[in-house]
Amino acid sequence: MANKAYQFRLYPTKEQEQLLAKTFGCVRFVYNKMLEERIQIYEKFKDDKEALKKQTFPTPAKYKKEFPWLKEVDSLALANAQLNLQKAFQNFFSGRAGFPKFKNRKAKQSYTTNVVNGNIKLSDGYIKLPKLKWVKFKQHREIPAHHIIKACTLTKTKTGKYFISILTEYKHQPVPKEIKNVVGLDFSMNTLYVDSEGKRANYPRFYRQALEKLTREQRVLSRRRKGSNRWHKQRLKVAKLHEKISNQRKDFLHKESHKLAKLYDCVVIEDLNMKGMSQALHFGQSVHDNGWGMFTSFLQYKLAEQGKKLIKIDKWFPSSKTCSCCGQVRESLSLSERTFRCECGFESDRDVNAAINIKHEGMKRLAIA
Ligand SMILES: [Zn+2]
């Protein structure tokens, strides 16, 4: 089975908007309530892992008596809040994330609901959802008949637009493709990647211009008095620009990953820990920061759909310091050295050398080197 998500713009009525706002609020409320209780349990048993495992955790159902208005919203949305909290704790226990945090009003306005007994249906530009009934939406793409809808995530953006992401499942067993063409990619902060054939992906000019504009508008925002009319106006301007940029980036990442998945049978990349990396390099605020993660997930499914492969190699592999010609590993290589030079006489652009090494390492994995 494979999954694919389809995203569409939603056009709720005023009444539906109110119910959506209420649902976002209830989901956040229940999440925070459950977190509060789990923190108490955690504090009590944190030194006794076995006892902690045996504890029963709160469910949304238990709050419905005390807070009857919770019954007015989609109960599946509340159940998903519980699952999300569970995942947050699993990530924390496995060391992948920090301790779960409370969701404040600024948190993403979103909830997920599931298909149960045909409660979700599509018909003629409308989608039927629990509690909301028929909501108008712009279906610019058909969902193939063999795809089964599993869940829907509804989101309101900061500029007040509504979107629905429809998650589908379908039977897909692509025939594994014989691997002939392999390419290695070296991650690059500025251009996304440099490949083992010396090609660079380049963010389009309009995208980079929009980024510069965003920096300027953010600076204007920081000068406005918080809460004033002009601040609100500027904040909306910044949010709109943010949305535009993230859409442009997504388009670009789709195009780039599509191109590679078409050209090659196998793509080799380094398994970078983007979160750690952005923290280390103080790129936390950068709008680039989720580009690589999104790009690799696009690549992954686009290759898989065709029976092709994405190989991630260990992030500690010395891709930059190794000579791609003779294999000798240099002891040090400063960031300012843009050209890689080896004692063997090999000379190459630093990033291209790294990309070739990544490709070789991937081929070793495939045992076709
Ligand atoms: Zn060499």
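Residues numbered from 1 in each chain as written. Predicted model: local features only at pLDDT ≥ 70, side-chain atom pairs only at ≥ 80, totals over all residues. Heavy atoms only, no water.

> So what about the pattern of salt bridges? Which residues, and what values?
Considering all chains together, one arrives at 17 salt bridges under this definition. Between Lys 150 and Glu 169 there is a salt bridge, with the nearest N and O atoms lying 4.0 Å from each other. Taken together, the residues span a long stretch of sequence, with Lys 150 in strand S6 (residues 148-156) and Glu 169 in strand S7 (residues 162-170) at a distance of 19 residues. (Salt bridge = Lys/Arg side-chain N within 4 Å of Asp/Glu carboxyl O. Helix = DSSP H or I, 4+ residues; strand = E, 2+ residues; numbered from the N terminus.)

> Could you give me a rundown of the packing of aromatic side chains, with the residues and numbers involved?
Under the criterion given, the structure shown has 18 aromatic pairs. Their ring planes at 50 degrees and their centres at 5.2 Å tell us that Tyr 42 and Phe 99 sit as a pair that is tilted. In this pair, Tyr 42 is assigned in helix H1 (residues 14-45) and Phe 99 in the loop between helix H3 (75-93) and strand S2 (109-114), connecting sequence segments 57 residues apart. A relative accessible area of 29% places Phe 99 in the partly exposed class. On the numbers, 6.3 Å between centres and 80 degrees between planes, the contact of Phe 298 with Tyr 301 is edge-to-face. Here Phe 298 and its partner Tyr 301 are both found in helix H7 (residues 291-304), three residues apart, which amounts to about one turn of the helix. (Phe/Tyr/Trp six-rings, centres within 6.5 Å; stacked < 30°, edge-to-face > 60°. Buried < 20%, exposed > 50% of the residue type's maximum accessible area, 1.4 Å probe, protein only.)

> Talk me through the confidence of the model for the chain; I want residue IDs and the actual numbers.
With 95% of its residues at a pLDDT of at least 70, the chain reaches an overall mean of 90. Between the elements of the chain, mean pLDDT differs from a low of 55, seen in helix H6 (residues 274-280), to a high of 96, seen in S2. Across residues 282-288 the pLDDT falls below 50, and counting only partners more than four positions away or on other chains, this stretch makes 14 contacts in the model. (pLDDT = per-residue confidence, 0-100. Contact = heavy atoms within 4.5 Å.)

> Please set out the UniProt feature "domain: Transposase putative helix-turn-helix" (unreviewed entry) in the chain residue by residue, giving values where relevant.
Feature annotation in UniProt assigns "domain: Transposase putative helix-turn-helix" (unreviewed entry) to the following positions: residues 1-45. Helix makes up 71% of residues 1-45 and strand 22%. Its end C-alpha atoms lie 39 Å apart. (UniProt positions renumbered as here; feature names shortened; annotations may be inferred.)

> So, the pairing of S6: which residues are in play, and what are the values?
Bridge count between S2 and S6: six bridges; the pairing is antiparallel. Bridged to Asn 114 within S6 is Ala 151. In terms of strand pairing, S6 meets S7 through eight bridges, oriented antiparallel. Bridging across to S7, Thr 155 finds its partner in Phe 163. What sits between S6 and S7 in their antiparallel hairpin is a turn of five residues, with Gly 160 showing a positive phi close to 90 degrees. (Pairing = 2+ DSSP bridges.)

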